[in-house]
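# Analysis of the macromolecular model
Now for the letters of each chain:
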Amino acid sequence: MTVVGPEDLFSVAGRSAVVTGGSSGIGAMIAAGLVAAGARVLISARKVDALAGLADRLGGEGVCDYVVADVGTPEGSAAIAEAVAATFGGRLDILVNNAGATWGAPIDAFPDEAWLKLANVNLIGLFRLTTRLLDPLRRNATPGTPATIINIGSLAGLRVTEVENYPYSATKAGVHMLTRHLAGRLAREHITVNAVAPGYFPSRMSAFALDDESMRAELLSSIPLGRTGTPEDIVGAVQFLASRAGAYLTGSVLEVDGGAASAT
């Protein structure tokens, strides 16, 4: 029996990847990790300055292009599909659906517009873009090297947190279920679909808690490993799922949260 060595087992070198919401936070961590590992990466987000700056920096380490797009709209999905055709010749190995939005408000004053916005970005837009990119993914999918879809869910979609972010937790739980549904449908086409459910990582979304000393201490006390996530934590999970090492996983929700989802 021949076992693939670790250099090949976890390699994503030469593979093409799209990372949505790739200009900051977890998306930027994932994009930087994939570029460092030798993948050809296309990042998308709504703000051109942040995108261009990151793409320029990562381009000095490997291959990174960008496209300005709002995945919460049909036009955004179309723009990303066009960029995939122009950048990768209409073929795609890895799709990381990371773009997301959150909204917090007291239960008695939670606006309808928050539900509409988060449903459009976190769930409907994720599904729309996935279906829009199925043909490029199919072109590069083989039994031995499946194409890979990785949806970024959340700890908030696994357990109730103290934050009043009702549509965020509901849509992220929906992402986890949608991941399983897509995995069952696309397995026959050699496309794996998995989700990563991050806990607390330093980002714009978590700044309200991590920048406050007392809130940070309370938050860390709820995490069994006693710390927030690092870029290596999220990059390692994504690279595992996108490489040969993760080729036999589909329909999984990988908790990358320091044990927070299981804490009592």
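Described in the following lines is the structure provided in the data block. Just so it is clear, the structure is predicted and the values come from calculations on it, not from any experiment. (Residues numbered from 1 in each chain as written. Predicted model: local features only at pLDDT ≥ 70, side-chain atom pairs only at ≥ 80, totals over all residues. Heavy atoms only, no water.)

Counting across every chain of the model gives 5 salt bridges. The closest approach of N and O atoms between Asp93 and Arg15, which form a salt bridge, is 3.7 Å. Of the two residues, Asp93 is situated in the loop between helix H4 (74-88) and strand E4 (94-97) and Arg15 in the loop between helix H1 (6-9) and strand E1 (16-20); the sequence distance between them amounts to 78 residues. An identical accessibility class is assigned to Asp93 and Arg15; each is buried. (Salt bridge = Lys/Arg side-chain N within 4 Å of Asp/Glu carboxyl O. Helix = DSSP H or I, 4+ residues; strand = E, 2+ residues; numbered from the N terminus. Buried < 20%, exposed > 50% of the residue type's maximum accessible area, 1.4 Å probe, protein only.)

We now examine the environment of Gly89. Considering the arrangement of structural elements, one finds Gly89 in the loop between H4 and E4. Expressed as a C-alpha distance, the spacing of Gly89 and Pro136, which sit 47 residues apart in the sequence, is 8.7 Å.

On to helix H7 (residues 166-186). Between its terminal C-alpha atoms H7 stretches 30 Å, which fits the 30 Å expected from 21 residues at 1.5 Å a residue. Regarding H7, the residues found buried are Pro167, Tyr168, Thr171, Lys172, Val175, His176, Leu178, Thr179, Leu182, Ala183 and Leu186. Buried residues along H7 sit in contact with helix H5 (112-132), helix H6 (134-139), strand E5 (147-152), strand E6 (191-198) and strand E7 (253-256). (Expected span 1.5 Å × (residues − 1). Contact = heavy atoms within 4.5 Å.)

The grouping of Val48, Tyr66 and Val68 at the surface amounts to a nonpolar patch, some 240 Å² of accessible area in total. Along the chain, the position of Val68 falls in strand E3 (residues 63-68). We classify Val68 as partly exposed; its relative accessible area is 39%. (Patch = residues over 30% accessible without salt bridge, like charges linked within 9 Å, V, L, I, M, F, W, Y side chains within 5 Å. Areas by Shrake-Rupley, 256 points an atom, 1.4 Å probe, with all protein chains shown as cover.)

Core analysis: the largest hydrophobic core is formed by 33 residues, its most contacted members being Val18, Ile80, Val84, Leu92, Leu133 and Ile191. Of all the secondary structure elements, the ones that give two or more residues to this core are H4, H5, H6, E5, H7 and E6. Here this core gets 6 residues from one element, more than from any other, and that element is H7. Not counting residues up to four positions away in its chain, the partners in contact with Val18 are Leu42, Ile80, Val84, Phe88, Leu92, Ile94, Leu95 and Val96. Core analysis: the next-biggest nonpolar cluster, separate from the first, contains 32 residues, Leu54, Val96, Ala242 and Val256 among them. (Core = buried A, V, L, I, M, F, W, Y, C linked by side-chain atoms within 4.5 Å.)

Looking now at the packing of H5 against H7. At their nearest, the axes of H5 and H7 sit 9 Å apart, and the two run at 15° to each other. On the basis of their axis angle, the class for H5 and H7 is roughly parallel. Crossing hand, H5 versus H7: right-handed. Counted together, Ala114, Trp115, Leu118, Ala119, Asn122, Leu123, Leu126, Phe127 and Thr130 of H5 and Tyr166, Pro167, Tyr168, Ala170, Thr171, Lys172, Gly174, Val175, Leu178 and Leu182 of H7 form the full contact between these two elements. Each residue belonging to the contact of H5 with H7 can be placed in one class, and the counts come to 14 nonpolar, 4 polar and 1 charged. (Axes fitted to C-alpha atoms, helices over the stretch in contact; angles between N-to-C directions. Parallel < 35°, antiparallel > 145°, perpendicular 65-115°, else oblique. Left-handed = near helix turned anticlockwise from the far one by under 90°. Nonpolar A, V, L, I, M, F, W, Y, C, P; charged D, E, K, R; others polar.)

Looking now at the sheet that holds E1. Read across the open sheet, the 7 strands follow the order E3-E2-E1-E4-E5-E6-E7; overall the sheet is parallel. Strand pairing shows two members of the sheet lacking a second neighbour, E3 and E7, which therefore form its edges. The mean angle between the axes of side-by-side strands here comes to 20°, regardless of whether they run parallel or antiparallel. As paired strands, E4 and E5 are joined by 4 bridges and run parallel to one another. Note that in E5 the partner of Leu95 across the bridge is Ile149. Where H4 meets the sheet, it contacts E1, strand E2 (40-45) and E3, and its direction lies at approximately 160° from that of E2. Here H7 sits on the sheet in contact with E5, E6 and E7, set at roughly 165° to E6. (Pairing = 2+ DSSP bridges.)

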